[in-house]
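Here are the chains, one letter per residue:
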Amino acid sequence: MEQRSIGLRQDLLRNDDSIIQNLNTAVLVVDLDGRIMSTNPPAEQILGESPAQLLGEPVARWLASSGEALVRSTLERGERFRAVESFLTLGDGARLPIGISWAPLMDADGQRYGAVATFQDLTGIKQLQNQVLQTEKLASIGQLAAGVAHEVNNPMGFIHANLFQMAEYVSDLRRVWEGVEALRKAAAQVDSEELRSVGAQLTALAEEADVDFVLSDLGKAIRESQEGSERIRHIVQDLRDFSHQDSGQRGMADVNQCVDSTASIVWPMMKHLVVLEKEYGEIPLVPGYAMQLKQVFMNLLVNAYQAIEERVGDTAETGTVRLTTRSDETGVFVTVEDTGTGIPEDRVSRIFDPFFTTKSVGNGTGLGLSTCYSIVQRHGGRIDVESTVGEGSTFQLWLPLEGSGDDD
Amino acid sequence: MTIELPRSGPAILVVDDEPRILSALQRSLRREGYQLFTSESVQEALVLLSSRSFDLVVSDHKMPGMSGIQFLEEVARLQPDVPRLLITGWTEEIPMEELRRVGACALITKPWDDARLKATLRRALGMEPVETPTEWSSAGSSSSSQESRLR
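Predicted model only: the values in this text are computed from it and were never measured. (Residues numbered from 1 in each chain as written. Chains lettered and ligands numbered in written order. Predicted model: local features only at pLDDT ≥ 70, side-chain atom pairs only at ≥ 80, totals over all residues. Heavy atoms only, no water.)

Topic: the overall build of chain B
Okay, step 1: When you go through chain B residue by residue, the secondary structure sums to 5 helices and 6 strands.
Okay, step 2: Buried residues in chain B amount to 54% of all 151 residues.
Okay, step 3: Residue pairs at least 24 apart in sequence account for 63% of intrachain contacts in chain B once pairs closer than 6 positions are excluded.
Okay, step 4: Summed over all atoms, the accessible surface of chain B reaches about 6,300 Å², with 50% contributed by carbon and sulfur. (Helix = DSSP H or I, 4+ residues; strand = E, 2+ residues; numbered from the N terminus. Buried < 20%, exposed > 50% of the residue type's maximum accessible area, 1.4 Å probe, protein only. Contact = heavy atoms within 4.5 Å. Areas by Shrake-Rupley, 256 points an atom, 1.4 Å probe, with all protein chains shown as cover.)

Now the structure itself:
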């Protein structure tokens, strides 16, 4: 039995190369100098080179600098890497996103003699991820538009109606003024009979137009409309603050500003049901994409609101959403705490999965939290949740001061 | 709560938590010959509804404590025969079947068109015939996307 097993192992070792050649996964084997010793057809296809062009060449030629560091750690220190996202630089200069794993190769004495890599082309997956991000962005814009439209339409409603009524008042007052003009002319002619009759007409006109009321209400209508237009101006200002820094570029993000401007935008939608508590600490800027972080906060706030909405239902109760920011030497923490329905224990572990939703049809894409997750991951951060059914949920975000996310 | 003169004519109750909307409606309807009762709170309006009868009840949708739909449901329980209208700043948030369920006969969208608002109220009060059974509904802006046909 023992003998047979050793024989099998030797056969296997002899067939090593044929196994590699027949794998449906791209495989590269390099020696201690990082020179390619063996490849298989999927690897040759992804790299776009023939085996003759690859064998003996330094693998670094095709690796991005971050990818080169991985193989060096494997060759020098025997470190292993699993499914790390990186890039290949192809012969025509094109950059190809890949997921790559590295493992050291040892001889019978336990000495490292090289490393083996398996990798896959992530182009399709990356495109899919971008589509998901885009879909979720559109869904957030939809929610945003609904909230803003609602908030603008209230003041617009009364400004529009008041303007119409003020135009009526002006035409009423014009008729009265015409009576005043006629009275002036009559007075100039010093015809007392005419004066009396025109004066009586003017009194009738003034009564019909209800001049006292019109004059006092005109002032009131103007003041109320001014207040309404001031409210709309504020909403537009909030929108401007929200979309500020929307260059889509990586920069230094002011997390307090991101949280607060997002809260201002979402607030109108939730104000009927929610008491919002804010506790912002003095926190440093973090490297990242401000607009993407706002998308995360928007998702968390909308979720918090929906959880409260579901909990209070038809009762006249309200819920509380608490926003907190703080920092330590490692990074910035943001918590979004709600007193909503909470998430059942068996679902907590799945809520960051794409297309997983606990909401009713039409109330969520199931992409919100998975998008949050990938955005936070892109920032090199973490997102965690604690939840108790019937009490509420707390989402905590950690964003590192030293960004380790991708730089594309 | 303000109660507007005249003290005769059809009694209309309007509920909206936005006082500016109420005063704009009072302005618009000043010469229409209605007894206009306005209230900023649903609770106050419910008290009023249990103390006297109305010819028409108009309610905003998004209000603290109770939605317009829930309020109109209560109205239907207290005064089943009174016609009911809903005002909203955002039509998409209200499913049509919900409106039908609470027996709302029309949806007024903010901002509204003055002439259409007045016509909608007259129709709801049965003071003006409904031109075609499917057409009398929205007093909102004339854009067809905001039209809501309820019958």
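Some words on the overall build of chain A
Okay, step 1: A tally of helices and strands in chain A yields 11 helices and 12 strands.
Okay, step 2: Evaluated residue by residue, chain A yields a buried proportion of 41% over its 408 residues.
Okay, step 3: Across chain A, every contact between residues at least 6 apart in sequence was considered, and the portion connecting residues at least 24 apart equals 63%.
Okay, step 4: When the accessible surface of chain A is split by element, carbon and sulfur atoms take 52% of a total near 22,300 Å².

Some remarks on the pairing of strand β12 (residues 392–400) of chain A
Residue and element names in this part refer to chain A.
Okay, step 1: Burial runs high along β12: 7 of the 9 residues are buried.
Okay, step 2: Across 8 bridges, the pairing between strand β10 (residues 331–338) and β12 is antiparallel. Paired with valine 334 across the strands is leucine 397, a residue of β12.
Okay, step 3: Here strand β11 (residues 382–388) runs beside β12; their pairing, made up of 7 bridges, is antiparallel. When the bridges of β12 are listed, serine 387 appears paired with serine 393.
Okay, step 4: As consecutive antiparallel partners, β11 and β12 are separated by 3 residues, and within that stretch glycine 390 has a phi angle of approximately 90°, a positive value. (Pairing = 2+ DSSP bridges.)

Quick look at the interface of chain B and chain A
Okay, step 1: With 22 residues of chain B at the contact, the number on the chain A side is 32 residues.
Okay, step 2: Taken together, the two surfaces of chain B and chain A that pack against each other cover about 2,400 Å², and 49% of this comes from carbon and sulfur.
Okay, step 3: On the surface where chain B and chain A come into contact, there are 6 salt bridges.
Okay, step 4: Close ionic contact of arginine 27 of chain B with aspartate 217 of chain A constitutes a salt bridge, the shortest N to O distance being 2.7 Å.
Okay, step 5: At 6 residues, helix α1 (residues 19–28) of chain B tops the list of elements feeding residues into the side of chain B that touches chain A. (Buried area = accessible area lost by both parts, 1.4 Å probe. Salt bridge = Lys/Arg side-chain N within 4 Å of Asp/Glu carboxyl O.)

Some thoughts on the sheet that holds β12 of chain A
All names here are of chain A.
Okay, step 1: Here 5 strands make up an open sheet; going across it, the order is β7-β9-β10-β12-β11 and the pairing mixed. Each of the sheet's edge strands pairs with one partner strand only, and the pair in question is β7 (274–280) and β11. When strand polarity is set aside, the average angle formed by the axes of neighbouring strands in this sheet is 10°.
Okay, step 2: Pairing of β7 with strand β9 (residues 319–327) involves 7 bridges; the strand directions are parallel. Across the sheet, the residue bridging to glutamate 279 is threonine 324, located in β9.
Okay, step 3: Each of β7, β9, β10 and β12 touches helix α8 (residues 255–270); the most contacted strand, β7, lies at about 170° to it. (Axes fitted to C-alpha atoms, helices over the stretch in contact; angles between N-to-C directions.)

Things to note about the pattern of salt bridges
Okay, step 1: Taken as a whole, this structure holds 29 salt bridges over all chains when the rule is applied.
Okay, step 2: Close ionic contact of arginine 184 of chain A with glutamate 181 of chain A constitutes a salt bridge, the shortest N to O distance being 2.5 Å. In this pair, arginine 184 of chain A and glutamate 181 of chain A are both assigned in helix α5 (residues 123–188), 3 residues apart and thus about one turn of the helix distant.
Okay, step 3: The exposed category is assigned to arginine 184 of chain A, whose relative accessible area is 53%.
Okay, step 4: With its nearest N and O atoms 2.9 Å apart, the salt bridge here joins glutamate 230 of chain A to arginine 233 of chain A. Here glutamate 230 of chain A and its partner arginine 233 of chain A are both found in helix α7 (residues 211–243), 3 residues apart, which amounts to about one turn of the helix.
Okay, step 5: Residues participating in the shared-partner salt-bridge network are Asp217, Lys220, Glu224, Glu227 and Arg231 of chain A together with Glu18, Arg20 and Arg27 of chain B.

Topic: helix α2 (residues 42–51) of chain B
Residues and elements named next belong to chain B.
Okay, step 1: For α2, every residue scored as buried is listed here: Val42, Ala45, Leu46, Leu48 and Leu49. Along the long axis of α2, the arc covered by the buried residues comes to 160°, so they all point the same way. Exposed residues lying more than 90 degrees from the buried face of α2 are Val47, Ser50 and Ser51. (Arc of directions from axis to C-beta.)

A short note on the sheet that holds strand β1 (residues 26–31) of chain A
Residue and element names in this part refer to chain A.
Okay, step 1: Sheet architecture is open: 5 strands sit in the order β2-β1-β5-β4-β3, paired in antiparallel fashion. Strands at the two margins of the open sheet, each flanked by one partner only, are β2 (36–39) and β3 (81–89). Recorded for the sheet is a direction-independent mean angle of 30° between the axes of neighbouring strands.

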